[in-house]
Amino acid sequence: MRPPHPWWTRRAALLFLLALGAATAAQAQWAALRGRVTDGADAQPLAGASVALAGEAGERLGTAADAGGFFALTGIRPGRYALTVSFLGYAPFSDTLAFTFAEERTLDIRLTADEAEMAGIVVESERRPDRRAAGLTAIEPSALARAPLPDVTYDLAGYLLTLPGFVAPGDRGGQLFVRGGTPTQNLVLLDGMPVYQPFHIVGFFSAFPADLLAHADVYAGGFGARYGGRISSVIDVSTRNGNKQRVVGAASIAPFLSSVRVEIPVVRNKVSVLASVRESVIERLSGGLLGREFPFRFGDRFVKFHAFLSPTSSFAATALRTFDEGNVAGTAGDAERRFSTWRNEAYGGRYTYLPAEAAVMTQAAVYVSRLESRYRLTADDERRADIDGFNAELTFRYLLGDVQLHFGIFGNTTRFAFARNGRPRTGNANVTGGGGFFEARFDLGRRLRLTPGLRLQSFSNGVRTALDPRLRARWLPRGPASKTEITAAWGLYHQQIIGLNDEQDVTDVFTVWAAAPERRPLPRAMHLIVGARRRLLPWIELSAEGYLKRLENVSFPRFSKALADDVERFVRVAGEARGLDLRLEMNRPAFFARVSYSLGAVTYEPPAFDADFGEAFAPPHDRRHQVNVLVAFARGPYRLSLAWQFGSGLPFTRINGYYERLTLTDPDDDAFRTASGETFVSRGPAYRGRLPAYHRLDVSARRVFTFERVVVTLQAGVVNAYDRANVFQYNFFSGERVNQLPLIPSAGLKVEMR
Amino acid sequence: MRRGMRIIACCLTACAAALGLAACDDAVAPLLDEPEAFFALHGFLDTAADTQFVRVEPLRASILDATDGPLEAVVTSTHLQTGATTTWRDSLVTLDDGRTGHLFFARFRPLPGGDYRLTVLRPDGRASEATTHVPEAPAVQPAPPSGDAFNLMQRVTLAGLTRPVREVDVHYLVSSTLTDSLRTITFVYRDAGRRGAQGWDVDLFLARDLRTIRRRFVFANENDTTLTFFGLSMSFDLPSVEWLAPETPANIAHGHGFFGAVGRHTVSWRLDAEAVHTMGLVDQQP
């Protein structure tokens, strides 16, 4: 029997601690500056604000404020320095500071908006392209406004679907596939809290509206060591804090969704509460407005409490609840069959501290996440699956000159429950896990930046410890002025908690979360990403990114070729997702356009003993070609957005035909000669067919009326402007074809008090 | 600027071309162009029957299409050891739900131990096929009887059998010593036995059966008390392997359903003379 922790993992940990101690000691004799940067108007942290020190002797030190607005500079040699803190759209802050040996200074810097610049700031900020590196797209909330939605507010879900490599099997169901990874292989975090099924049943919407978003880091692969537990992608969403200066809020109404948001400064400049309620209205309006039923109900509730406890510490508590229900096949009035319900709950608290005695940002956090899923297949067959997770983590971010270290420890425990009426199959289980990660960022000269990392994870259930090395790199061939940027990422990933889902039926979004089988290899993946970005003109950027994901031990539902519509069992398959994303992005003050093409292929290798699958096959989310065109015009208070999406057909299993199956179990029973049987479908080889291509044009126009303290936005738009009959599902058993949304006009009104 | 415009123009042209191509077709083609299965067939060969039956249904293109039409198919069976081929005849039967179905039949008695291939052939030459092996009668290995007059029993092994037999009946051929009126008395053992080292073991409860025989037997008079024992036999059904998992048949190619066989066999053996005597019978076994 092999020991749970190989000798070299212990030795690596020891070396890491020794190196860290030595580096810290070397820095201790120099001065340090830390603090936070906030918006002087509402005390919002200004993530990414530039903090620069220029010494009299010419030495320069700099850093950027993190998501909480905190920054730290260490290794400051004694002397006088010019401090400059700047952020786009704000008047820079300057001061002169003198440091002595080992001096510790803390600053609370409030930037004020530069009114002269503010008129152009909307356009200016939107001109910033999404920050991208290998696999990563860092999304600012303003970017979300480019994607036209049938709603006056914006949402991360609608925007993600305009990015290459993101595939949804339809405009409903809340399933998002990222570069070959399935929804249950995506790690979705909201302020650090895992959210198991965050996308609403109507595909435009998620639990992440633009109004709440501070920023989102979306890794389509190749994510660093601070993320774990999933093998495909990470969507890490950070919400903003409530206004700490005055009470503000907004209310909106549109055919799909209505919302109310309020922000209250509980203690001025220190403590705020942000609350949001969104609830669908489409299920009530669709009959009269659209002339057809749209029986989906969804919504979410969000509350965030944030407090600056001191200039170097803060506390945030976040709560989220979502609900979704409906028959994903869209059959109105059939509440007894194929009816899906899911409810997320997530609660978390984070304490962030920048201690005076060390240049380390410390963060302690606990999160509780829960998902309740129900699926009523028939009136007497309801399936229930629950997952409850508790996560705790303690992370540190060291700032050692040009080297940044990020490391931490974490632990989690997860409970699963599954029950199915009508069949004696009920399960309950618990798994626990824990481990640590370490990530370092080195700038080797002015051209190369390396971010190696290591994640060590231990699991219960007799699963061996996993050690996942990761590496991210960026190379600027001509230094910071380079027009070309090469990025790459590589890593190994393991996943203990798996989601079992009937991927062959897009209307069945019911997911059973469970622990990976005991004493068997965990699902795992290897990612390799290489990308290049080049600025062709100051306002045109071309990027290309190739990726490879090798998957192993992935659970996949196996259908009998002959039997009826039920998963026979799950088999473990190996697979590979590979592809190339090309993206051309144009930014002008009043014009934004992005054209992207994604060439991808996902193939699964079935187990050798399972002859029914035949050879390698493409799973139902294998979209080979994808084109996204996103265009936004802005002129004064007017904005026009267009999004055209094209996706080649997804695989499906074609059939030989239908037949009636008779029951023969007794040679003395000759009833088969005249019996009528049960209809079965005879399936052909798995996934050799392709559905028709998908394409759709959405258009949205809006006009903003700005008053002294109120902003009114009117929106009008149309989804599926040329009324393409995009197939959502072809039901073999009823012969019925269910299409995605037809042409739907929309109009919305939003009133915002600022 | 001009270069940027050229890039934009290229992209828009590519998008327009993609749209033009993609917009052509939005139809779903659920049926395979080259299907791999053609018929559903349900039936079995029975060694005890003079006429064999199998229901045949072509795979339908639509789930709603359950029309009663003619079936263009030729059904044949071939005894693979000899190559003898039998053509089956179609008959229309009224099903339980009022529709009509195609019940093919052939007048022959399958040979135990034979392998048969059933072929359902379409006019275009495509066919569904199923093969089955008709179970032959196993060799019988009777163990020496054990026990005394009150619990005498005997284990009989059907050699080489690894799967259950069903509908086991045990037949005693006896007569009154006085009248010589020969009678066969049958005991139903149903799905008796269990898997043993040499085959399928069936335990016969001879003493218990004899007590029942004595109660049932109609004697001529008070002096008629002795029975003569002429022999012992056991009949049983031996289904083919397909009956073990009838919902997942592996013997049908290019089709679905069920096709199996059943051997209905009788085996006999000579009971040990001492055991006959212990039971108080007069041994007259041939």
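Bear in mind the structure is a predicted one, so any value in this text is a computation, not a measurement.

Peer 1: Looking at this structure, I do not really get the overall build of chain B. What am I missing?
Peer 2: The secondary structure content of chain B amounts to 3 helices and 18 strands. A burial count over chain B gives 47% of its 286 residues as buried. Within chain B, contacts between residues at least 6 apart in sequence are counted, and of these 65% link residues at least 24 apart. Of the roughly 14400 Å² of accessible surface on chain B, a fraction of 54% belongs to carbon and sulfur atoms.

Peer 1: Explain the interface of chain B and chain A here, please?
Peer 2: Each partner contributes residues to the interface: chain B has 57 residues there, and chain A has 53 residues. Linking chain B with chain A are 5 salt bridges, by the criterion used here. With its nearest N and O atoms 3.1 Å apart, the salt bridge here joins Asp 33 of chain B to Arg 654 of chain A. Summed over the shared surface of chain B and chain A, the result is 21 residue pairs in polar contact (both at pLDDT 80 or more). Contributing elements (two or more residues each) for the side of chain B that touches chain A: helix 1 (2-22), strand 1 (39-46), strand 2 (51-58), strand 5 (89-94), strand 11 (166-176) and strand 17 (255-269) of chain B. Per element, the largest residue contribution to the side of chain B that touches chain A is 10 residues, and it comes from helix 1 of chain B. A class-by-class count of the residues in the side of chain B that touches chain A yields 33 nonpolar, 8 polar and 16 charged.

Peer 1: Which parts of the structure should I look at to understand the environment of Gly 748 of chain A?
Peer 2: With respect to the secondary-structure elements, Gly 748 of chain A resides in strand 45 (residues 744-753). In the structure, Gly 748 of chain A is positioned 494 residues away from Ala 254 of chain A in sequence and 4.2 Å away in space, judged by C-alpha atoms.

Peer 1: What is the right way to read the pattern of salt bridges from this model?
Peer 2: Once the charged atoms of two side chains with opposite charge are near each other, the side chains can pair. Tallied over the entire structure, the rule returns 57 salt bridges over all chains. Overlapping salt bridges bring together Asp 666 and Asp 668 of chain A together with Asp 46, Arg 166, Glu 167, Asp 237 and Arg 264 of chain B as one network.

Peer 1: It is not clear to me how the side chain of Asn 186 of chain A should be interpreted in this structure. Could you clarify?
Peer 2: Residue and element names in this part refer to chain A. Structurally, the position occupied by Asn 186 is in strand 12 (residues 186-190). Looking at Asn 186, its side chain comes within polar contact range of the main-chain oxygen of Leu 176, at 2.9 Å. Within polar-contact distance, the side chain of Asn 186 engages the side chain of Ser 233 at 2.6 Å. In this structure Asn 186 touches Leu 176, Val 178, Arg 230, Ser 232 and Ser 233, once residues within four positions along its chain are discounted.

Peer 1: In this structure, what is going on with the environment of Arg 683 of chain A? I would like to understand it.
Peer 2: Among the secondary structure elements, Arg 683 of chain A is positioned in strand 39 (residues 678-683). Residues Arg 683 of chain A and Asn 656 of chain A, spaced 27 residues apart in sequence, show a C-alpha to C-alpha distance of 5.9 Å.

Peer 1: It is not clear to me how the sheet that holds strand 9 (residues 140-142) of chain B should be interpreted in this structure. Could you clarify?
Peer 2: Strand pairing in a sheet is mediated by backbone hydrogen bonds. Such pairs are either parallel or antiparallel. Residues and elements named next belong to chain B. Pairing is antiparallel in the open sheet, where 4 strands are placed in the order 9-10-14-13. In the strand order of this sheet, the two ends are held by strand 9 and strand 13 (194-195), each with one partner. Looking at chain direction, strand 10 (residues 154-159) and strand 14 (residues 199-204) are connected through 6 bridges and run antiparallel. Directly across from Thr 157, in strand 14, lies its bridge partner Asp 201.

Peer 1: Can you walk me through a nonpolar patch on the surface in this structure?
Peer 2: Residues and elements named next belong to chain A. Nonpolar side chains collect at one region of the surface, where Val 247, Val 262, Ile 264, Val 266, Val 267 and Met 753 lie side by side and expose about 440 Å² of accessible area between them. Broken down by element, the nonpolar patch gets its largest block of residues, 4 residues, from strand 17 (residues 257-267). The topology assignment puts Val 247 in the loop between strand 15 (233-239) and strand 16 (248-253). What makes Val 247 partly exposed here is its relative accessible area of 41%.

Peer 1: Sorry if this is basic, but what is going on with the sheet that holds strand 12 of chain A here?
Peer 2: Residues and elements named next belong to chain A. Across the sheet, 6 strands lie side by side as 8-9-14-15-12-13; this open sheet has mixed pairing. Edge positions in the sheet fall to strand 8 (131-133) and strand 13 (193-194), since each has one partner strand and no second. As paired strands, strand 12 and strand 15 are joined by 5 bridges and run parallel to one another. Considered in strand 15, the bridge of Leu 189 is made with Asp 236.

Peer 1: When you look at the packing of aromatic side chains in this model, what are you seeing that I'm missing?
Peer 2: Here a ring pair, both rings aromatic, is described through the centre-centre distance and the interplanar angle of the planes. Residues and elements named next belong to chain B. Applying the stated criterion across every chain, the model contains 32 aromatic pairs over all chains. Both rings, one in Phe 53 and one in Phe 105, keep their centres 6.5 Å apart while their planes meet at 40°; by these two values the pair is tilted. Taken together, the residues span a long stretch of sequence, with Phe 53 in strand 2 and Phe 105 in strand 6 (residues 100-107) at a distance of 52 residues. Accessibility classification places Phe 53 together with Phe 105 in one group, the buried group.

Peer 1: Where do I start with the pairing of strand 3 (residues 60-64) of chain A in this structure?
Peer 2: Moving residue by residue along a regular strand, the side chains alternate between the two faces of the sheet. All names here are of chain A. Two elements, strand 2 (residues 50-55) and strand 3, share 5 bridges in a ladder whose sense is antiparallel. In the strand pairing of strand 3, Ala 54 is matched with Arg 60. Two successive antiparallel strands, strand 2 and strand 3, enclose a turn made up of 4 residues, where Gly 58 displays a positive phi of approximately 95°.

Calculation criteria
Residues numbered from 1 in each chain as written. Chains lettered and ligands numbered in written order. Predicted model: local features only at pLDDT ≥ 70, side-chain atom pairs only at ≥ 80, totals over all residues. Heavy atoms only, no water. Helix = DSSP H or I, 4+ residues; strand = E, 2+ residues; numbered from the N terminus. Buried < 20%, exposed > 50% of the residue type's maximum accessible area, 1.4 Å probe, protein only. Contact = heavy atoms within 4.5 Å. Areas by Shrake-Rupley, 256 points an atom, 1.4 Å probe, with all protein chains shown as cover. Salt bridge = Lys/Arg side-chain N within 4 Å of Asp/Glu carboxyl O. Polar contact = N/O pair within 3.5 Å; in protein donor to acceptor, adjacent residues only side chain to side chain. Nonpolar A, V, L, I, M, F, W, Y, C, P; charged D, E, K, R; others polar. Pairing = 2+ DSSP bridges. Patch = residues over 30% accessible without salt bridge, like charges linked within 9 Å, V, L, I, M, F, W, Y side chains within 5 Å. Phe/Tyr/Trp six-rings, centres within 6.5 Å; stacked < 30°, edge-to-face > 60°.

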